[in-house]
Amino acid sequence: MMADPALAQITEEKSWYVADYISNLLLGIQISLVIQSMYYLAYGHYTPKRKVFFIGCSILLLMLGLLMWITHCDVAGGPVAYLAKTFSA
């Protein structure tokens, strides 16, 4: 027995919506963690050189995450393939 194409399309659209919601939620968590860690590093008991290093690493990780999940999400193989291709080059 053949499945209803309209039902399959609705189910696919719902799954895309849920996946988009979860992706946005994870991005928000990542951004808030970067902001919190930069705040604690800026006002912590670290040397200025160490503060700059850790804050730079936090910003770099955030930018890589944005590139991987938002800008280059349509790369063949998905974000994981983009990450592997970037680090293997």
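Described below are features of the structure shown in this document. (Residues numbered from 1 in each chain as written. Predicted model: local features only at pLDDT ≥ 70, side-chain atom pairs only at ≥ 80, totals over all residues. Heavy atoms only, no water.)

### Structural notes on a nonpolar patch on the surface
Together, Tyr17, Val18, Tyr21, Ile22, Leu25, Leu26, Ile29 and Leu33 line one region of the surface with nonpolar side chains, adding up to about 840 Å² of accessible area. Of note, Tyr21 is situated in helix H1 (residues 5–42). Taking relative accessible area as the criterion, Tyr21 reaches 53% and is therefore assigned exposed. (Patch = residues over 30% accessible without salt bridge, like charges linked within 9 Å, V, L, I, M, F, W, Y side chains within 5 Å. Areas by Shrake-Rupley, 256 points an atom, 1.4 Å probe, with all protein chains shown as cover. Salt bridge = Lys/Arg side-chain N within 4 Å of Asp/Glu carboxyl O. Helix = DSSP H or I, 4+ residues; strand = E, 2+ residues; numbered from the N terminus. Buried < 20%, exposed > 50% of the residue type's maximum accessible area, 1.4 Å probe, protein only.)

### What to know about the side chain of Ser58
Within the secondary structure, Ser58 sits in helix H2 (residues 48–71). A residue is classified by how much of its surface remains accessible, and Ser58, at 12% relative accessible area, is buried. If sequence neighbours within four positions are ignored, Ser58 has contacts with Val34, Ser37 and Met38. (Contact = heavy atoms within 4.5 Å.)

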